[in-house]
Amino acid sequence: MVEKLTFTHPLSKYLRVDRLPHIWCEGCGNGIVLNCFIRALDELGANLDELVVVSGIGCIGRIAGYVNVDSFHTTHGRAIAIATGIKLANPRLKVVVISGDGDLFAIGGNHFIHAARRNVNLTVICVNNFNYGMTGGQLGPTTPLDSITTTSPYGNVESPFNLAHLAASSGAVYVARWTAFHIHELTKSIKASLKRRGFTFIEVISPCPELYGRYNKMGRGVDMMNWLKRVSEVRHGCDPAKAEVSSSKIVVGEFVSVDKPTYDQLIYQLMERVKGGSSVEGGG
Amino acid sequence: MLTGTHFLQGNAACAEGAIAAGCRFFAGYPITPSTEIAERMARRLPEVGGVFIQMEDEIGAIAAVIGASWAGVKAMTATSGPGFSLMQENIGLAAMTETPCVIVDVMRAGPSTGQPTKPSQQDVMQAKWGSHGDYEVIALSPASAQEMFDFTIECFNLAEEYRVPTILLADGFIAHAWERVVIPPPEEIKVVERKGPEAPPGDRLDLVPPMACFGRGYRVHVTGLTHDERGYPQADSVEVQRRLVKRLCDKIRANADRIVKTKAFALDDAEVVVIAYGAPSRPALKAVKMARENGLKAGLLRLITLWPFPEKDVIRLSSHVKAFIVLEMNYGQLVREVERAAKGTAVTLLSKLGEELHTPYEILRALKEVC
Ligand SMILES: Cc1ncc(C[n+]2csc(CCOP(=O)(O)OP(=O)(O)O)c2C)c(N)n1
Ligand code: SF4
Ligand SMILES: [Mg+2]
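Residues numbered from 1 in each chain as written. Chains lettered and ligands numbered in written order. Predicted model: local features only at pLDDT ≥ 70, side-chain atom pairs only at ≥ 80, totals over all residues. Heavy atoms only, no water.

> Explain helix 6 (residues 145-162) of chain B to me, using residue names and the numbers behind them.
Residues and elements named next belong to chain B. A rise of 1.5 Å per residue sets the reference length of helix 6, with its 18 residues, at 26 Å; its end C-alpha atoms lie 25 Å apart and thus fit the reference within 8%. Across the 18 residues that make up helix 6, a large majority, 15, are buried. With its phi angle positive at about 50 degrees, arginine 163 sits one or two positions after the end of helix 6. (Helix = DSSP H or I, 4+ residues; strand = E, 2+ residues; numbered from the N terminus. Expected span 1.5 Å × (residues − 1). Buried < 20%, exposed > 50% of the residue type's maximum accessible area, 1.4 Å probe, protein only.)

Here is the structure:
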């Protein structure tokens, strides 16, 4: 009799395996980000019962449905605002937002800058694939100049955001940028950001061969990975304003690491100060 | 906790009601005529160990409230028309994800920026239909500062009981009225607590699932996509869509008798019935009393619950009354629901646009015309 052997992946406890296979295309960087994220959890020995993953809407937004932790797949653009409510209502929870460039910086841009300004204690990972994948490859706030997308068929005339610079100038305490090629560095940065307190931001430049890559003749997934490998340049501590992202150069590394009191620390300290008092006793 | 008798503004009474109901999270964005609720919550919540945050806009405010509710804390926001419009997408998310939360809309005159300081009842239909898709909410209409307190508590209780966004639809008159408010000691206030998966099945209502909040080890997945009982997206299944949408609506529709509240005055032998809610129900009561003194068989049906609409009350009355007179501070919204339920019985709308309230005399005149 032949014994049937079944193998489980050592990281499968971090995934809702009954939800697999995932919806992402072949060669997409989203799976790599998921992989790095759960590896970071594993290496940290994270308490999965006190971790919440929040995403918006988009291809990468589906990540919330694959991780085996409390997770919220919210409305388009609102992940950070919902995560803010979760974190403030229960500061014991580690709250991680993973979402797309369009979700976090177009429709959700306002929540991003204000959460960074307040230093809400969140880890925010933006998977930047230079376009709106979910809706079929339209231009977004990070689409490079002259790129072809379905809504910039003659070439994009809008200047893209430098997300790392935006995060840093809005008040993020930790800012890093990697690409889907830099799996070890990215995993390390995710670990670093999970260990820190405060608004931490990681941008991951990620291939979307199905749409952005196709429209801009960048080849298949492997070709895009080779491109990321070729053009990226590690410069830790680089001024985010000068950390360029273009087709010929992508500056990656840990750019910002500072310490500041977090919003939940401040608000709970304030609460301790006034708790039990009554500003309205005996009157209106 | 504040108890005893106080002279309070309606908005302040609302904030105290929230605190008495166990609300410990408020996210808002300033807007007339609701701002005093946020201001009072900013002062009061930290005193009772709660969190106040002024968000960057109303979209963020309702979003943060939904997040806080999933983190296990009773949460509320307050706004007025323009902000209520911005909240609609996420009110739909709250309905879809069955997130208990309370939204206070102190209605002002619209459309658009309209007349910020002028009261109205122009968001009544929006409260029910403002977000896309089929869903149900609960909405209550207070008519005094005391009811701003009482109904805010009731909103929290209903939100928790039915896992549904619940709306306190106040108007600028009531929210800004300063009146005597009696706040009972906490042990005399009925407060409904959320039922988690550990609650015995007998404790739960049909069609309302228990809520597994974040951080309790359930590893729950919450999504605005159509989802099955595990919370998993089922974007292509007709069966799951049908089952989910029906249940989201039916948990309110099938329980309407338990939810709906109205107040009757002199209805037993009434031939003409005034239907009013919110501020206009005050002159309406006066007018009906005056009509009775004049020998007219008038009565008042005051709607406390606006959604689900108290159609049974109207259907019952329409079998024997001659006419309904509906008072609204809009150009005719809830009157459509009355007409639907009245099934042919004459319905007259007394509409007020702009800041003034119906006077008892105009209502009396209308009563005399139809009696
Ligand atoms: C309010 C609203 N507007 C538009 C959409 C349609 N929509 C879904 S995903 C998306 C863009 C997603 O782009 P991004 O955040 O970059 O994620 P990606 O798909 O590229 O991973 C849009 C516009 C929506 N779901 N909700
Ligand atoms: S469309 Fe692009 S981003 Fe979306 S799954 Fe496919 S490759 Fe990935
Ligand atoms: Mg994208």
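Let's pick the thread back up.
> Tell me what's going on with the coordination of the magnesium ion (ligand 3), and back it up with residues and numbers.
Residue and element names in this part refer to chain A. Within the protein, the magnesium ion (ligand 3) binds to Asp101 (OD), Asn129 (OD1) and Asn131 (O); these donor distances fall in the range 2.1 to 2.3 Å. Mapped onto the polypeptide sequence, the residues donating to the magnesium ion (ligand 3) form the spacing pattern D-x27-N-x1-N. Of the two residues, aspartate 101 sits in helix 3 (residues 101-107) while asparagine 129 sits in the loop between strand 4 (123-128) and helix 5 (163-170), which places them 28 residues apart along the sequence. By relative accessible area, which is 11% here, asparagine 129 ends up buried. (Donors = N, O, S within 2.8 Å, 3.2 Å for Na, K, Ca; no water.)

> Explain the site of ligand 1 residue by residue, including any values.
In the vicinity of ligand 1 lie 17 residues, with Cys59, Gly102, Asp103, Gly133 and Met134 of chain A positioned nearest. More than one chain lines the surroundings of ligand 1; the residues nearby belong to chains A and B. At 3.2 Å, a side-chain N or O of aspartate 101 of chain A approaches an oxygen atom of ligand 1. At 2.7 Å from an oxygen atom of ligand 1 is found a main-chain nitrogen or oxygen belonging to aspartate 103 of chain A. Compared with its free state, where it exposes 590 Å², ligand 1 has 77% of that area covered by protein. Considering each element in turn, the shell around ligand 1 owes the most residues, four residues, to helix 3 of chain A. (Near = heavy atom within 4 Å. Polar contact = N/O pair within 3.5 Å; in protein donor to acceptor, adjacent residues only side chain to side chain. Areas by Shrake-Rupley, 256 points an atom, 1.4 Å probe, with all protein chains shown as cover.)

> Describe in detail the domain arrangement of chain B, supporting the description with residues and values.
Residues and elements named next belong to chain B. When the domains of chain B are assigned, the result is domain 1 (4-188) and domain 2 (262-370). With centres defined by C-alpha atoms, the gap from domain 1 to domain 2 works out at 26 Å. On the side of domain 2, 26 residues touch domain 1, which itself brings 26 residues to the contact. Buried surface at the junction of domain 1 and domain 2, both sides included, amounts to about 2,100 Å², of which 57% is carbon and sulfur. Looking at the side of domain 1 facing domain 2, the largest losses of area belong to Gln121, Met125 and Phe173, adding up to 29% of the total buried there. (Domains from an automatic or database assignment. Contact = heavy atoms within 4.5 Å. Buried area = accessible area lost by both parts, 1.4 Å probe.)

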